[in-house]
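# Fold and geometry: a report
One-letter residues, chain by chain:
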Amino acid sequence: MLAARSEVQIDNDEVRVTEWRLAPGSATGHHTHGMDYVIVPVVAGEMTIVAPGGERSKAQLSAGKSYFRKAGVQHDVLNETSTEIVFLEIELKA
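The rules behind these values
Residues numbered from 1 in each chain as written. Predicted model: local features only at pLDDT ≥ 70, side-chain atom pairs only at ≥ 80, totals over all residues. Heavy atoms only, no water. Core = buried A, V, L, I, M, F, W, Y, C linked by side-chain atoms within 4.5 Å. Buried < 20%, exposed > 50% of the residue type's maximum accessible area, 1.4 Å probe, protein only. Helix = DSSP H or I, 4+ residues; strand = E, 2+ residues; numbered from the N terminus. Salt bridge = Lys/Arg side-chain N within 4 Å of Asp/Glu carboxyl O. UniProt positions renumbered as here; feature names shortened; annotations may be inferred. Pairing = 2+ DSSP bridges. Axes fitted to C-alpha atoms, helices over the stretch in contact; angles between N-to-C directions. Contact = heavy atoms within 4.5 Å.

The protein carries the name Cupin domain-containing protein in an unreviewed UniProt entry, which gives Bradyrhizobium zhengyangense as its organism.

### So, the nonpolar core
One finds Ala 4, Trp 20, Leu 22, Tyr 37, Ile 39, Met 47, Ile 49, Leu 61, Val 77, Ile 85 and Phe 87 forming the largest nonpolar core, which totals 11 residues. Contributions of two or more residues to this core are made by strand E3 (15–22), strand E6 (36–41), strand E7 (45–50) and strand E11 (85–92).

### Let's talk about the pattern of salt bridges
A complete count under the given rule lists 8 salt bridges for this structure. For Glu 91, the salt bridge is made with Arg 16, and the minimal N-O distance between the two is 3.0 Å. Remark: Arg 16 occurs in strand E3 and Glu 91 occurs in strand E11; sequence separation between them is 75 residues. Given a relative accessible area of 9%, Glu 91 falls into the buried group.

### So, the UniProt feature "domain: Cupin type-2" (unreviewed entry) in the protein
Look at the UniProt record and you will see "domain: Cupin type-2" (unreviewed entry) annotated at residues 19–90. Here residues 19–90 is 0% helix and 56% strand, with 9 Å between the C-alpha atoms at its ends.

### Some details on the pairing of E11
Where E3 meets E11, 8 bridges bridge the pair, whose relative direction is antiparallel. Bridged to Leu 22 within E11 is Ile 85. As judged from the 6 bridges shared by E6 and E11, these two strands associate in the antiparallel manner. Within E11, the position partnered with Ile 39 by the bridge is Glu 89.

### Observations regarding the sheet that holds E11
Within a sheet, each strand pairs with its neighbour through backbone hydrogen bonds, oriented either parallel or antiparallel. If you walk across this open sheet you meet the 5 strands as E2-E3-E11-E6-E9, and the pairing is antiparallel. Every other strand in the sheet has two partners, leaving strand E2 (5–11) and strand E9 (67–69) as the edge strands with one partner each. Looking at each pair of strands side by side, their axes are set apart by 20° on average, direction ignored.

### Observations regarding the side chain of Ser 26
Tracing the sequence through the fold places Ser 26 in strand E4 (residues 26–27). If near-sequence neighbours (up to four positions away) are discounted, Ser 26 is found in contact with Met 1, Leu 2, Ala 3, Ala 4, Val 77, Leu 78 and Asn 79.

See the structure below:
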């Protein structure tokens, strides 16, 4: 798989905001979220989520429809579609 691209837009004492771009056939790589976070999809799409044990699930994204997750989430995020996935990740530090 190709590596997803990320660009940190804001990184201060309170938050880190990262734009993620997953081209078709790319993935973030397995990671653990160290902070609570909010995902804000920029475009509609479908992500494949792979849990540490290999279990796979699909997540539907709607542009502008945010969701929240607590710290400790472990997964890999894959784009197995034919269109780019773009979202903002807002990590809450304070």
